[in-house]
Protein chains: 2
Amino acid sequence: MINQLVEKIKKTNAPIVVGLDPTLKLIPKTIQQKAFAEYGANLKGVGEAIWEYNKGIVDAVYDLIPAVKPQIAMYEQFGLEGLTAYVRTIEYCKQKGLVVIGDIKRGDIGSTSAAYAIGHLGSVEIEGRKFRGFEEDFVTVNPYLGTDGVKPFVDVCREERKGIFVLVKTSNPSSGEFQDRMIDNRPLYEWVGEKVNEWGADCMGDSYSYVGAVVGATYPEMGRVLRKVMPKAYILVPGYGAQGGKGKDLVPFFNQDGLGAIVNSSRGIIAAYQQEAYASYGEENYAEAARAAVIDMREDIAQALGR
Amino acid sequence: MINQLVEKIKKTNAPIVVGLDPTLKLIPKTIQQKAFAEYGANLKGVGEAIWEYNKGIVDAVYDLIPAVKPQIAMYEQFGLEGLTAYVRTIEYCKQKGLVVIGDIKRGDIGSTSAAYAIGHLGSVEIEGRKFRGFEEDFVTVNPYLGTDGVKPFVDVCREERKGIFVLVKTSNPSSGEFQDRMIDNRPLYEWVGEKVNEWGADCMGDSYSYVGAVVGATYPEMGRVLRKVMPKAYILVPGYGAQGGKGKDLVPFFNQDGLGAIVNSSRGIIAAYQQEAYASYGEENYAEAARAAVIDMREDIAQALGR
């Protein structure tokens with residue numbers, strides 16, 4: 001799947017992943033009202049509104065981008081109905097040929113991580129037949145529990161040819177509280193980066209490993225160091241746009257081959273219509289606004305990379 | 001909710017939480033076959049089997065214990081049908097008067113943690129009405145992202161009078177890989193413990209904080225230190241039983257008042273019938289075997305604490 005992701009990035013010339021992170025504040029009123037009229041102003045109605053909203057965005061941008069990243073929390077907050085929309089969104093994105101990165105940030109002791117891994121990337125066996133709970137191509141993983149909390153994901157990735165992105169240095173303001181603490185003269189995030197290398201060493205795709213890393217666009221200098229620490233790890237870079245990261249901040253995350261990083265934007269794309277620059281599209285044309293924002297983001301990155 | 005948990009622990013004289021962590025290997029064949037006959041040998045059938053299995057255990061032990069801890073991964077692995085069983089289990093346990101600790105180990109950047117927090121402990125508002133996605137009383141939280149990843153949970157706890165247990169030192173073999181690394185002469189887990197104190201300081205129950213901690217029974221010496229670092233944090237102690245922790249290992253986790261810790265056992269209780277000591281119950285009496293195992297665990301802890 002890492003090979004497929006790299007191929008799609010080359011083909012679209014867009015190292016971009018669109019974060020499908022719906023909240024009620026972002027979904028146009030007309031979509032909400034239609035869903036509520038049909039299913040009720042309740043969790044089911046919201047699930048339907050999320051699905052319609054996502055479908056509009058995916059239809060408008062799928063030819064421009066390699067991948068999407070639904071943040072499961074935004075669905076999980078609406079309970080089972082929200083998670084139903086998550087499942088439908090994944091299925092639809094895959095039909096459209098998109099790589100799906102489930103931003104689930106799971107991680108637990110070995111046997112429990114194994115359950116998450118087979119639930120999201122693999123399959124469970126019931127009376128000799130295989131069933132898939134969720135069907136992401138990649139998921140994000142939290143490293144706090146160490147190797148035995150991450151390995152079960154790696155094992156499933158090897159079997160299924162799927163991948164993970166391990167949290168190394170996150171984009172949020174207080175990520176440094178623990179991640180930047182110095183241990184033997186190196187910050188914790190570098191030690192985690194070293195482990196990412198190790199975990200990914202024996203499951204390589206053509207040029208990058210099945211085991212990637214998450215490093216926030218908001219910390220470009222740390223990105224520069226981590227790029228060298230983990231030369232074979234694809235870096236998923238959140239924090240561009242709404243969180244403050246800019247095009248020029250992204251340069252250190254890429255390798256000399258112009259590959260090695262994929263940049264996420266969520267609100268900046270899916271709610272572009274709420275920004276001044278795209279306000280002229282109007283709420284009803286939120287999907288076209290998202291398309292315009294993707295094109296602008298692609299240009300911003302290309303320019304920063306000097307292409 | 002922390003007050004309610006403490007009261008229930010005193011009343012039952014059992015600082016025990018039963019981990020409702022179903023897997024197909026643990027569920028008696030007769031329950032599986034009945035569910036598969038009715039709903040099919042598929043995810044829906046498994047969801048039904050999990051629910052029946054859990055219900056049997058809860059019915060057999062609810063009067064002996066203060067709380068249960070369903071591990072969401074064990075449900076999530078079976079997709080939406082598994083999570084439906086999770087929701088049903090929580091609802092049923094609350095009807096039975098049990099405190100429910102959702103072992104979800106979530107944690108993300110601020111806005112995303114807020115979504116998890118309202119989804120599991122709080123409510124979402126839809127057209128002026130409140131709806132609850134999941135309805136745990138407590139959840140477990142991963143601290144890797146720092147304060148702004150944890151605070152949204154604390155805020156919801158304060159509002160809802162619910163609680164969290166933050167991962168400090170986990171029970172698994174490789175937990176030390178990052179958690180034990182020395183930072184300014186103290187291991188990372190102590191620094192996390194200090195933060196637990198800080199996060200919990202302004203949301204105190206009568207004697208303990210809404211913000212508790214997870215510290216594995218497999219590391220009693222670290223438990224001794226952490227007990228002092230976080231005097232007001234209730235400690236959720238996994239790792240007893242199947243993972244290797246014994247009664248005497250639990251002593252350091254308790255305060256002088258005999259409170260301050262609640263010990264989890266999962267397989268050791270719910271699949272007691274598979275152990276030699278309880279094999280005479282037979283598979284069909286798995287619930288009675290679970291009850292016997294709870295009584296033995298209560299005795300083991302009481303003896304260790306010298307009661």
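Structure's up top.
Residues numbered from 1 in each chain as written. Chains lettered and ligands numbered in written order. Predicted model: local features only at pLDDT ≥ 70, side-chain atom pairs only at ≥ 80, totals over all residues. Heavy atoms only, no water.

Draft legend 1. Representation of the overall build of chain A in the model. What chain A contains, in helices and strands, is 12 helices and 12 strands. Dimensions of chain A, computed from the C-alpha atoms along their principal axes, are close to 60 × 55 × 35 Å. Of the contacts made within chain A by residues no fewer than 6 positions apart, 73% connect residues no fewer than 24 positions apart. Here chain A contributes 35 positive and 39 negative side-chain charges, whose respective centroids are spaced 2 Å apart. (Helix = DSSP H or I, 4+ residues; strand = E, 2+ residues; numbered from the N terminus. Contact = heavy atoms within 4.5 Å. Lys, Arg positive; Asp, Glu negative; His and termini not counted. Charge placed at Lys NZ, Arg CZ, Asp CG, Glu CD.)

Draft legend 2. Broad picture of the sheet that holds strand β11 (residues 235-237) of chain B. Residue and element names in this part refer to chain B. Within the closed barrel, the 8 strands sit side by side as β1-β2-β3-β6-β7-β10-β11-β12. Their pairing is parallel. Strand direction decides the pairing type here: β11 and strand β12 (residues 261-265), joined by 3 bridges, are parallel. Note on β12: the bridge partner recorded for Leu236 is Ile262. Sheet strands in contact with helix α7 (residues 147-160) are β3 (99-106), β6 (138-141), β7 (163-169) and β10 (211-215), and its direction is about 150° off that of β7. Contacts from helix α10 (residues 220-229) reach β7, β10, β11 and β12, with the element oriented near 130° to β7. (Pairing = 2+ DSSP bridges. Axes fitted to C-alpha atoms, helices over the stretch in contact; angles between N-to-C directions.)

Draft legend 3. The nonpolar core, seen in detail. Of all hydrophobic cores here, the largest spans 236 residues; its most connected members are Ile164(A), Met230(A), Ile164(B) and Met230(B). Residues in contact with Ile164(B), not counting those within four places in the same chain, are Leu121(B), Phe138(B), Val139(B), Val141(B), Val150(B), Phe153(B), Val154(B), Cys157(B), Tyr210(B), Val211(B) and Gly212(B). (Core = buried A, V, L, I, M, F, W, Y, C linked by side-chain atoms within 4.5 Å. Buried < 20%, exposed > 50% of the residue type's maximum accessible area, 1.4 Å probe, protein only.)

Draft legend 4. Layout of the relation of the copies chain B and chain A. It takes a turn of 180° to lay chain B on chain A, together with a shift of 0.0 Å along the axis; the resulting RMSD is 0.0 Å. Such a combination of turn and shift is consistent with a two-fold rotation axis. Scanning chain B for the C-alpha nearest the rotation axis identifies Ile183(B), at a separation of 2.7 Å. Take the interface residues of chain B: 100% of them recur as interface residues in chain A, which is what a same-surface contact looks like. (Least-squares fit on C-alpha atoms with pLDDT ≥ 70 in both.)

Draft legend 5. Examining helix α1 (residues 2-12) of chain A more closely. All names here are of chain A. Within α1 the residues assigned to the buried category are Ile2, Leu5, Val6, Ile9 and Thr12. The buried side chains of α1 occupy one side of the element, clustering within an arc of 140° when seen end-on. Against β2 (67-68), β3 (99-106), β6 (138-141), β7 (163-169), β12 (261-265) and α12 (286-304) lie the buried residues of α1. Residue Asn13 follows α1 closely and has a positive phi angle near 50°. (Arc of directions from axis to C-beta.)

Draft legend 6. Structural detail: the pairing of β7(B). Residues and elements named next belong to chain B. By the criterion of burial, β7 is predominantly enclosed, with 7 of the 7 residues buried. You can see the chain leave β6, run along α7 and come back into β7, and the turn it takes is right-handed. Note: β7 against β10, 5 bridges, orientation parallel. By the bridge assignment for β10, Ile164 is matched with Val211. (Right-handed = clockwise from strand over helix to strand, strands pointing away.)

Draft legend 7. Here's a closer look at the side chain of Ser171(B). Along the chain, Ser171(B) falls in the loop between β7 and α8 (176-179). When its relative accessible area of 6% is taken as the criterion, Ser171(B) is described as buried. In this structure Ser171(B) touches Ile109(A), Gly216(B), Thr218(B), Tyr219(B), Pro238(B), Gly239(B) and Gln243(B), once residues within four positions along its chain are discounted.

Draft legend 8. The arrangement of the sheet that holds strand β1 (residues 16-18) of chain A in detail. All names here are of chain A. Here 8 strands make up a closed barrel; going around it, the order is β1-β2-β3-β6-β7-β10-β11-β12 and the pairing parallel. One ladder, built from 2 bridges, connects β1 with β2; its direction is parallel. Among the inter-strand pairings, Val18 is bridged to a residue of β2, identified as Val68.

Draft legend 9. The pattern of salt bridges, seen in detail. This structure, assessed with the given rule, holds 43 salt bridges over all chains. Across the pair Asp108(B) and Lys105(A) runs a salt bridge, and its minimum N-O distance is 2.9 Å. Linking Asp108(B) in the loop between β3 and α6 (110-120) with Lys105(A) in strand β3, this pair reaches from one chain into another. The two residues Asp108(B) and Lys105(A) agree in class, both being buried. Asp155(A) is paired through a salt bridge with Arg158(A); the nearest N and O atoms lie 3.4 Å apart. A residue pair is termed a helical-turn pair when its members lie 3 or 4 positions apart in one helix, as Asp155(A) and Arg158(A) do in helix α7 (residues 147-160) at 3 residues. In this structure Arg158(A) comes out as partly exposed when scored by relative accessible area, which is 34%. (Salt bridge = Lys/Arg side-chain N within 4 Å of Asp/Glu carboxyl O.)

Draft legend 10. Looking closely at the interface of chain B and chain A. Taken together, the contacts link 71 residues of chain B with 71 residues of chain A. Applying the counting criterion to the chain B and chain A interface returns 7 salt bridges. Scanning the region where chain B abuts chain A turns up 31 residue pairs in polar contact (both at pLDDT 80 or more). (Polar contact = N/O pair within 3.5 Å; in protein donor to acceptor, adjacent residues only side chain to side chain.)

Draft legend 11. How the structure looks around the environment of Gly110(B). Residue and element names in this part refer to chain B. Tracing the backbone through its elements, the reader meets Gly110 in helix α6. By relative accessible area, Gly110 is classed as partly exposed at 22%. For the pair Gly110 and Phe153, spaced 43 residues apart in the sequence, the C-alpha separation amounts to 9.4 Å.

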